[in-house]
Structure formats: structure tokens, C-alpha cells
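Results of the structural survey
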Amino acid sequence: MKKIMGAVLAAAMLAGTVTAADISFAYKGSNYFKAKSDNADFVQRKDCLSVGLTTEAAGVVVDFDANDNTIEADEYYGWMNFGLPLGQLQLTVGSWNGRFMNRVLTDKNDLDSEEFELYKPGVINGTAGRDSDNLTLGKLGLVGAWTLADVLPGTLMVKLGLVRLHDDKWNHNAAGKWAKGTTNEKNTDTGKETEDVTLWSWNPDYDTFMVKARPVAEVAYRQEGAFSANLAVRAFNKHSYSFGAWVSPELADTVQMTVGGTFATLKWWKAKATPIPSTSTKDKDDDGVVTKGAMAYNGGRWSNRKYEYGVDFRLRLQVTDDLSLTTMNNLSSGYDVDTDENHGQLWNMLNATYRMADNLKASFTVQSDATLFCPVPHNQKRAWDLYMTPSLIIDASERTRVSASMRAYLPDIHKFTIKNIVLTVPVIFSFHY
């Protein structure tokens, strides 16, 4: 309901400005068939519907996802433009993914992540540094973007905003209040209820936008024919930040390249749990120490400071008029709160796309996802997974596309066996207007 109301509010921003609006409509339907050894089955169907309404002054977009018999508004946001004496201001409110950098996705077409881009730029499996170019991470936020053009040789953009990045893993009781309740405990011997025991838990009434909103900022510059660059900063709590910087030089018409890196530092609140005293002797040992019952989270401390990093390099070469090559590479060290360890990760991707006819393209993508070549803790499981995906992309019309792939997933390739291969056949239909 909150997401639907958010979409209605975003649409209301546009209500007074619709005179000559452009309407956009896009649909993507994905079907997945999976096979392993002798077992083959229809696995999943996903549908995505996006509707947009845009004028010169404002716009609104609502994106619906249908998955496993559930429908939800995945993205819903609206924006308004304001002319200033110097530059232009755009205010955006809602829930959306806000990225800037050139991710080199020309040959992605409608393929999903496992078929083309397994990871976004940033820290792979990171806590604070993941998807670090994404300023809003699909969360509810308000962001203002000031753009200055025609004064500098290129275009300068500065973004400032508040985004609801704070979630449960960053929680601490200074950001809200603990609510008191009761629960009936049962005797472990008889199974009968014994008494009411006091219980403390996080009160969602204090789980508000202003409690969880955190500042974000971005500076970007683009000069046509030369380069584009951006720096994105996000705050998750008062001790946790991510910094991502990328540059995309325009070396030639046949070359796309992006290089950059991410650094993140983080702390999280480690709540202290203490047993609540019980009046029942059933809940105490011979020394009078409580042995079971409810727990009160009545304090804690900040964790030690942890660090994450990631380095990205992406390149696309238009080799001939019909053949292109794309590579994506990332080396990361991401911190896992649950295991209290940094996990090293190396991801490499290579794609070749060939245009066989005006409306038909064939592509082949290989992706390697490994901890094998990175320094990792001795007690962490090392793994090296491989994805190989041949695909056909058919442009049935100017607005309609059909994609079919066969993804072979080879887990733990360094101890490869045929029976471990998982084959997935995605069939994707898309239409846009």
C-alpha cells in the first residue's frame, strides 16, 4: 500500500502541469526453463511493466514487477524541473535506482545479469560498497540535481539528497524506541503455559523515513567528445560511508571504456541481549540463574571499523561493422557482517556479439566468478564458478524484441563434474512504445 500511495503522490506532482505530455510504455516478459542431469522443469516467469508520463516541466514513472504470483511497484518516482538564474534544478522524489556512469551495456539488449552483467560496479557482495554508482539503491528518497551547461566547456551536475538507506543491519536503539510486550512461556517438561514474560522488541512506529534517511551526494562532469566522470558518496549511518569514482574517456567512436574504484568504511550497532529475570523457578538453575525466557536488547556497542574496496574496468570495442567485443572486470574485497570476514572476489566477463542480419544478432558470453585468485581467510570456502551463454536476439519490429539464450552454469569449476552443470534457457519478449 505504501508503494501504491507513493506512486499516486508522484503522479500528483504532475497533475497541474500536463498540457502536452509524452507517454511511454514498456513491457518485458521472461520465462526460464532449467535442467540439471535428468531433471528438466519450467522454473520461473517474470513480468515487468513500466509506464511513464513526461512533459517539459515534470514527469512520473511507475514500474511494476510480477514474480511468483505477486505484483509490486518496483520503482515509482516523479520529478519537476525548475529554471534558475544560473543553471537548472531538478527535484526527484520516490523510489528508484539512480546511476550515472557508463556501464558499457550496448550489447546487453534484454539479457539478464547471469547472461551478461553478473555484478554492478562497486564492491562485489559488499555491505556498504555494493552497487556504489547507484546513489539511491531503489530506496525511498528525495534528491535535487543542479545542472550547469553552456557556461563551461562541458556539463556539470551536482546532486544532494536524503535517501532511506538505513535498514535493519544498521539499526541501533539510539535511532528509535524499544516497545514492551508480553509472551506466554511454556514449561519445557509439561508443555503447559507458565506465566507472562516481558519481551522487548524494535517498535516499527519509530521506523520512519526521517529516522532512516541518510545524506547522499554526487558530482559529475561530461564533456562531449572528451570524457565523462563522476564521484558518488553515500552515508548508511554516522560511521558508514561509500565513495565511488569513475571516468569514461571517449577515445574513439569505436571504443567505450570505463575505469574506476570504490572505497567503503563501516561500523554497525551490535545490540547487547540480556535475559529478563523470571519469577518462575522452572526458568532458573540451582544457582538462581535464568536459563530460558525472553531477551531484552537494552544496549550494545559499535563494531570495530571495517573496510571494503573494489576496482572496475570495462571496455567495448567495435571491431568491424558487425562484430563487437565487450569485457567487464572487477576485483573486490567485501565485508560480511554475519561471518565477520572480508571476502575477496574476482569477476571477469567477455562477450562477443555479431550482427548476422539487420534484425538478427548472435552473442556469446563467458563469465568467471572466483575467490580462487584472491587473498581470503583460511576458513572461507574458496569457489570458482563459470557461466557460458550463447544467445540469439531478434528485433521483430522497431518496438519488439525476442531473446533466447542457453546459460550453462558450472559451479566449482576446479572440481568439475558433468552432473553439476545447470542449464537454464531464458526466453525473453519485450515491447516498448
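Residues numbered from 1 in each chain as written. Predicted model: local features only at pLDDT ≥ 70, side-chain atom pairs only at ≥ 80, totals over all residues. Heavy atoms only, no water.

What follows deals with the overall build of the protein chain. Each helix and strand counted, the protein chain has two helices and 23 strands in total. Within the span of the protein chain, comprising 433 residues, buried residues form 41% of the whole. Considering only contacts within the protein chain whose residues lie at least 6 apart along the sequence, 57% involve residues at least 24 apart. Here the protein chain has roughly 22900 Å² of accessible surface; of this, 57% comes from carbon and sulfur atoms. (Helix = DSSP H or I, 4+ residues; strand = E, 2+ residues; numbered from the N terminus. Buried < 20%, exposed > 50% of the residue type's maximum accessible area, 1.4 Å probe, protein only. Contact = heavy atoms within 4.5 Å. Areas by Shrake-Rupley, 256 points an atom, 1.4 Å probe, with all protein chains shown as cover.)

Quick look at the packing of aromatic side chains now. For the coordinates displayed, the defined rule picks out eight aromatic pairs. Here Tyr387 and Tyr409 contribute two aromatic rings whose centre-to-centre distance is 4.9 Å and whose plane-to-plane angle is 25°, an arrangement assigned as stacked. Placement of Tyr387 in strand β20 (residues 384-395) and of Tyr409 in strand β22 (residues 407-410) is noted, with a sequence separation of 22 residues between them. A residue is classified by how much of its surface remains accessible, and Tyr387, at 12% relative accessible area, is buried. Aromatic ring contacts, followed pair by pair, group Tyr77, Trp79 and Trp96 into a single cluster. (Phe/Tyr/Trp six-rings, centres within 6.5 Å; stacked < 30°, edge-to-face > 60°.)

Attention shifts here to unusual backbone geometry. Glycine aside, residues mostly have negative phi, and peptide bonds are mostly found in the trans state. The backbone of Val104 sits at a positive phi, close to 60°, despite the residue not being glycine. As for its position among the elements, Val104 is in the loop between β5 (88-95) and β6 (140-148). Not every positive phi belongs to a glycine, and Asn109 is a case in point at roughly 55°. Its place among the elements puts Asn109 in the loop between β5 and β6.

This paragraph deals with the pattern of salt bridges. In total, this model carries eight salt bridges according to the counting rule given. Residue Asp47 pairs with Arg45 through a salt bridge whose shortest N-O separation is 3.0 Å. Across the salt bridge formed by Asp395 and Arg401, the nearest N and O atoms sit 2.7 Å from each other. Residue classification places Asp395 among the buried residues on the basis of a relative accessible area of 19%. (Salt bridge = Lys/Arg side-chain N within 4 Å of Asp/Glu carboxyl O.)

Structurally, the position occupied by Met406 is in the loop between β21 (400-405) and β22. When the C-alpha positions of Met406 and Val425 are compared, they lie 4.5 Å apart, and in sequence the two are 19 residues distant. With near-sequence residues (within four places) excluded, Met406 lies in contact with Met388, Thr389, Pro390, Thr424, Val425 and Pro426.

A separate point is the layout of surface pockets. If you add up the space inside the largest pocket, you get close to 1400 Å³. Those elements that provide at least two residues to the lining of the largest pocket are β1 (22-36), β2 (39-54), β3 (58-67), β4 (70-83), β21 and β23 (422-432). Across the lining of the largest pocket, the residue classes tally to 14 nonpolar, 13 polar and 23 charged. (1 Å grid on protein atoms, 1.4 Å probe; cavity = no way out; pocket = protein on both sides within 12 Å on 5 of 7 lines; lining within 4 Å. Points joined across faces, edges and corners; volume = space filled by probe spheres on them. Nonpolar A, V, L, I, M, F, W, Y, C, P; charged D, E, K, R; others polar.)

Here Arg103 shows up in the loop between β5 and β6. You can call Arg103 buried: its relative accessible area is 14%. Of the polar contacts made by the side chain of Arg103, one reaches the side chain of Glu117; its length is 2.6 Å. Not counting residues within four places of it along the chain, the set of residues in contact with Arg103 comprises Glu117, Lys120, Pro121, Arg314 and Met328. (Polar contact = N/O pair within 3.5 Å; in protein donor to acceptor, adjacent residues only side chain to side chain.)

As a further point, take the side chain of Arg314. Along the polypeptide, Arg314 turns up in strand β16 (residues 306-318). Only 3.1 Å separates the side chain of Arg314 from the backbone oxygen of Tyr119, close enough to count as a polar contact.

Moving on: the environment of Asp107. Along the chain, the position of Asp107 falls in the loop between β5 and β6. Note on Asp107: relative accessible area 5%, which makes it buried. Leaving out residues up to four positions away in the same chain, Asp107 has contacts with Phe116, Arg316, Ser324, Thr326, Asn351 and Thr353. There is a polar contact of 2.9 Å between the side chain of Asp107 and the side chain of Arg316.

Let us look at the confidence of the model for the protein chain. Summary statistics for the protein chain give a mean pLDDT of 80 and a share of 73% for residues scoring 70 or more. Considering each helix and strand of the protein chain separately, the mean pLDDT is smallest for strand β9 (residues 193-202), with a value of 36, and largest for β16, with 97. Low pLDDT, under 50, characterises residues 1-18; the predicted model gives this stretch 24 contacts beyond four residues in sequence or across chains. Confidence drops under pLDDT 50 across residues 374-379; counting only partners more than four residues distant or on other chains, this segment forms twelve contacts. (pLDDT = per-residue confidence, 0-100.)

Another aspect to go through is the environment of Leu315. Mapped onto the elements of the fold, Leu315 is located in strand β16. Using a relative accessible area of 19% as the deciding quantity, one classes Leu315 as buried. For the pair Leu315 and Leu350, spaced 35 residues apart in sequence, the C-alpha to C-alpha distance is 9.7 Å. The residues touching Leu315, leaving out its near neighbours within four places in the chain, are Val104, Val255, Gln256, Met257, Leu325, Thr326 and Thr327.

What follows deals with the pairing of β5. Sheet topology note: the β4/β5 ladder contains eight bridges and is antiparallel. Its bridge partner being in β5, Tyr76 is matched across the sheet by Ser95. Hairpin remark: β4 followed by β5, antiparallel, with four residues in the connecting loop; positive phi at Gly87, about 85°. Where β5 and β6 come together, eight bridges link them in antiparallel fashion. Paired with Leu91 across the bridge in β6 is Gly144. (Pairing = 2+ DSSP bridges.)

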